[in-house]
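Survey of secondary and tertiary structure
Read off the chains here:
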Amino acid sequence: MSQSKTDHNKQKEKLYKKVRNTSTWGSAVVYLLLLVLFAVAVIILAIYVMEYIFESKFKQGCLELERTVQLYEKGSDDKSIMDFIESGDSEFFVQDSSGKTVYQKGKNTCSSNGGKFSIANGTETYTVYADTELDIVYPKNKDGMGFRLNKFLEWYDFDLDTAKFPVWVSVDINGGSQKLIGKAYFVITPLEKVLVLELFLCVVIVVVVIGLITFIKIIKSAVNYRRVVRLFYSDEVTGGHNWTWFVRYGDDRLQSSRTKKDSFAAVNLVFRNYRNYCLCHSIQEGELMLARINKVLSAELEKGELCAHATMSNFALLLKCSDEQSLAARLNGFIKKLHEMDSEHNFDFQIGADIVKVQTNESGKIVRRKNCSIKNAYNNACAARATLGETEESGVCIFDSKLLEEQRWRDTVSEHQWTALNNEEFVVYYQPKYDPRTNALKGAEALVRWDSKELGFVTPGRMIPIFEKNGFITEIDHYMISHVARDQKAWLDAGYECVPVSVNVSRAHFIESDLAEQIRDTVDAEHCPHELIEIELTESAFFDDKKAMIETIKRLKSYGFAVSMDDFGAGYSSLNSLKDMPLDVLKLDADFFRGENAGERGEIVVSEAIKLAKSLDMLTVAEGIEEKEQVDFLAQQGCDMIQGYYFAKPMPKAEYTEKMSRDKNGDKNKTNREE
């Protein structure tokens, strides 16, 4: 995978996580916090204003009381002053140090509930008492005064021009030997009433307006979020859900505590005829057909199940599942419904599934599947579907223990591959190629084996397909070329008559424009002559970028390497490939000599293929030869070399060296057959 593609996938994964972890609640909480903060700020400001008004009115009432105190202190011995006091509206009483009332004017409605109250930043402190008749202002247990808003609203008359409500204040007189407790009034003028009303209304209006704005913002944010999510999770082809949506909600379904008692099945469904349908009609028609498939599948879903268009002709589903038999029956029902979708075409669908069972702890209690991944389950479903092969035939396969072991083996191989490469655990085996007429050694093919300390001896069939899928095969190519070149140079230095050895190069390697130079530099690093290395390509490699392939082959030949085509006849474009590719060697596929058509018809094809190769100035190699009759026939047809168990199986370097030694000493009349 290229670096740019890796970066793109990382960015996409980041965006997916951001959308997944984002909701309208975040915006709602922010707006609500702002509303609360603003409302608190307005209320605090209103409280400060009210406190200022309250203190001003209290101070004003205290000033009037102080005048009464001054008159009383002056007039205690002056009858005219006392008469003046008696004629006034003031209400108070005087107590001596023992608490006995020595003088009283007006009705005593002073409560015994008293406390301290400070104003002017604590510079003036008063002892105050509530009024028993109009208990609106009252001393708190600690310093300060409270205000009973409910009683104030009951008492308050907006029709009055001026409103007054009392509080009793204690003042020391006559040097502190007595105290005068008088009624001080909070006087609210009409203008002040309007000011208080306006302040109250402003607070209410501001809070309501900010609340409405916040509510509108939350609604708009929620709508925009849903639009973004809908767009992000929407599939352009089918109009339904996409893969990202499937992963998002698939993980939620599997990991949720609400569904821990339910078993699920991750399903991979493939429309096998999609490419051909697009070729016969158009890409647009093909996409319309995918939309119809999505509609049919979605209609079959039960509550809580998922369906999404994953890639090209692949659909991902998450279904509820009770057991394997019922799941298989339901999936076959899906195929039947899809077959009925279009009576004009015979469509085929392949389905793989992986059952995600209920998870229990050591005591047998059902627990959440916290670490369960929909991606892993879907990959298992894809692996099960892949076992159905490349044929366009409908079928259902459910992931089982055998497939699980294969998956574990793939993971194990991938885990150990780099360690094996660095420790040179990969071993080169050589399979000789002989001239069928003289039995002389003419060449060999290098084949890789893996002698692992942890995994044991691993054959190519168990590792090469895995390396081809995970991209490690290109590292094996370099490894093999380097080691074969090293062996060839060592044999040359030891005096052996070396023959060309062919090394397979994967089709994945040909995407690199400098492949020829890489091979040249690798061989040169071992000081091996180029003519002793043959680069072998499979026929399937010729179906990729033909122009790049031809250019690479030409450069390899210009550097002195021979180039061969392996598995000739295994595909359907061999003749066309021969026409365009400047090859040196043609290897006839082993299937020419096996099966029902290996008789007379097969011999005709082989004979003509050998003639064609000779006409194109190419050598021919027949591989997979195991019988003497085949050898005799090929010798008669002029085949240049034979590779197969009739002469020799793949062997370690030491054993191959012995064969080179015997050939060098003239032992060329023996066939060296190995059963």
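What follows covers the pattern of salt bridges. This model, assessed by the stated rule, comprises 23 salt bridges. Notably, a salt bridge pairs glutamate 445 with lysine 587, separated by 2.9 Å at the nearest N-O pair. Remark: lysine 587 occurs in strand E22 (residues 585–588) and glutamate 445 occurs in strand E17 (residues 441–452); sequence separation between them is 142 residues. The exposure class assigned to glutamate 445 is buried, which follows from its relative accessible area of 5%. Looking at lysine 587, the relative accessible area reads 0%, which means it is buried. Salt-bridge contacts for arginine 555 lead to glutamate 551; the nearest nitrogen and oxygen are separated by 3.5 Å. Placement of the pair is arginine 555 and glutamate 551 together in helix H15 (residues 546–558), with a separation of 4 residues, close to one helical turn. Taking the relative accessible area as the measure of exposure, arginine 555 reaches 18% and is therefore buried. When salt bridges with common partners are traced through the structure, they connect Glu445, Glu536, Lys587 and Glu623 into a single cluster.

It is worth spelling out a negative patch on the surface at this point. On the surface, a cluster of negative charge is contributed by Asp323, Glu324, Asp400 and Glu406. With respect to the helices and strands, glutamate 324 occurs in helix H9 (residues 324–339).

For the rest of this paragraph, the subject is the packing of helix H17 (residues 600–615) against helix H18 (residues 628–637). Put simply, H17 and H18 touch, their axes get as near as 10 Å, and they point 40 degrees apart. Read as a crossing pair, H17 and H18 show a hand that is right-handed. Side by side, H17 and H18 meet where Glu603, Val606, Ser607, Ile610 and Lys614 of the first sit next to Phe633, Leu634 and Gln637 of the second. For the contact of H17 with H18, the residue count by class is 4 nonpolar, 2 polar and 2 charged.

For helix H11 (residues 401–422), built from 22 residues, the straight-helix expectation of 32 Å at 1.5 Å per residue is met to within 8% by its first-to-last C-alpha distance of 32 Å. Of all the bends in H11, the largest measures some 40 degrees and sits at histidine 416. Those residues of H11 that sit buried are Leu403, Gln407, Trp409, Val413, His416, Gln417, Ala420 and Leu421. N-capping of H11 is provided by aspartate 400, with a side-chain oxygen placed 3.2 Å from the backbone N of lysine 402. Of the residues one or two after H11, glutamate 424 is the one with positive phi, at around 55 degrees.

Moving on to the pairing of strand E23 (residues 619–623). The buried fraction of E23 is high, at 4 of 5 residues. The sheet contact formed by E23 and strand E24 (residues 641–643) spans 3 bridges and is parallel. Within the sheet, the bridge partner assigned to valine 621 lies in E24 and is methionine 641. With H18 bridging E23 and the parallel E24, this β-α-β connection has right-handed handedness.

Another point: the nonpolar core. Core analysis: the biggest nonpolar cluster contains 75 residues, and Phe426, Phe467, Ile519, Ile535, Leu588, Leu634 and Tyr656 have the highest contact counts within it. Among the elements that make up this core, the one with the highest residue count is helix H13 (residues 473–493) (8 residues). Dropping the residues within four chain positions of it, phenylalanine 467 is found in contact with Val413, Gln417, Phe426, Trp450, Phe472, Ile473 and Ile476. Grouped together as the second largest cluster of nonpolar side chains are 28 residues, Cys307, Phe334, Met341 and Ile398 included.

Pairing within the open sheet is mixed, and its 5 strands lie in the order E10-E11-E9-E12-E15. The open sheet has two edge strands with one neighbour each: strand E10 (306–311) and strand E15 (395–398). In this sheet, neighbouring strand axes are inclined to one another by 20 degrees on average, regardless of whether the strands run parallel or antiparallel. Examined bridge by bridge, strand E12 (residues 349–356) and E15 share 4 bridges and lie parallel to one another.

With that settled, the discussion passes to the environment of lysine 442. Summarising the element assignment, lysine 442 is placed in strand E17. Considered as a pair, lysine 442 and valine 499 are 57 residues apart in the sequence and their alpha carbons are 5.9 Å apart. Beyond its immediate chain neighbours, meaning those up to four positions away, lysine 442 contacts Lys433, Tyr434, Asp435, Val499, Pro500 and Met641.

Let's shift gears to the environment of arginine 272. Take arginine 272: it is sitting in the loop between strand E9 (264–271) and helix H7 (274–280). Sequence separation of arginine 272 and phenylalanine 349 is 77 residues, and the distance between their C-alpha atoms is 5.6 Å.

Backbone geometry at glutamate 424 places phi at a positive 55 degrees, although glycine is not the residue there. Note that glutamate 424 resides in the loop between H11 and strand E16 (426–434). Positive phi is not limited to glycine here, since aspartate 617 has a value of about 60 degrees. Secondary-structure assignment places aspartate 617 in the loop between H17 and E23.

Another aspect to go through is the environment of glycine 560. Relative to the assigned elements, glycine 560 resides in the loop between H15 and strand E21 (562–568). The residues touching glycine 560, leaving out its near neighbours within four places in the chain, are His530 and Glu531.

Moving on, we come to the packing of aromatic side chains. In the structure shown here, the tally under the stated rule is 27 aromatic pairs. The interplanar angle of 40 degrees and the centroid separation of 6.4 Å between the aromatic rings of phenylalanine 426 and phenylalanine 472 together place this pair among those described as tilted. Of this pair, phenylalanine 426 sits in strand E16 while phenylalanine 472 sits in the loop between helix H12 (460–470) and H13, placing them 46 residues apart in sequence. We classify phenylalanine 472 as buried; its relative accessible area is 2%. Site record: aromatic cluster; members linked through ring pairs are Trp418, Phe426, Trp450, Phe467, Phe472 and Tyr479. Directly above the ring of tyrosine 429 sits arginine 449, whose terminal nitrogen or CZ lies 5.3 Å from the centroid. For arginine 520, the ring lying beneath its charged end belongs to tyrosine 559, and the centroid distance is 4.8 Å.

Procedures and definitions
- Residues numbered from 1 in each chain as written.
- Predicted model: local features only at pLDDT ≥ 70, side-chain atom pairs only at ≥ 80, totals over all residues.
- Heavy atoms only, no water.
- Salt bridge = Lys/Arg side-chain N within 4 Å of Asp/Glu carboxyl O.
- Helix = DSSP H or I, 4+ residues; strand = E, 2+ residues; numbered from the N terminus.
- Buried < 20%, exposed > 50% of the residue type's maximum accessible area, 1.4 Å probe, protein only.
- Patch = residues over 30% accessible without salt bridge, like charges linked within 9 Å, V, L, I, M, F, W, Y side chains within 5 Å.
- Areas by Shrake-Rupley, 256 points an atom, 1.4 Å probe, with all protein chains shown as cover.
- Lys, Arg positive; Asp, Glu negative; His and termini not counted.
- Charge placed at Lys NZ, Arg CZ, Asp CG, Glu CD.
- Axes fitted to C-alpha atoms, helices over the stretch in contact; angles between N-to-C directions.
- Left-handed = near helix turned anticlockwise from the far one by under 90°.
- Contact = heavy atoms within 4.5 Å.
- Nonpolar A, V, L, I, M, F, W, Y, C, P; charged D, E, K, R; others polar.
- Expected span 1.5 Å × (residues − 1).
- Bend = angle between axes of the 7 residues up to and from the residue.
- Polar contact = N/O pair within 3.5 Å; in protein donor to acceptor, adjacent residues only side chain to side chain.
- Pairing = 2+ DSSP bridges.
- Right-handed = clockwise from strand over helix to strand, strands pointing away.
- Core = buried A, V, L, I, M, F, W, Y, C linked by side-chain atoms within 4.5 Å.
- Phe/Tyr/Trp six-rings, centres within 6.5 Å; stacked < 30°, edge-to-face > 60°.
- Lys NZ or Arg CZ within 6 Å of the ring centre and 35° of its normal.

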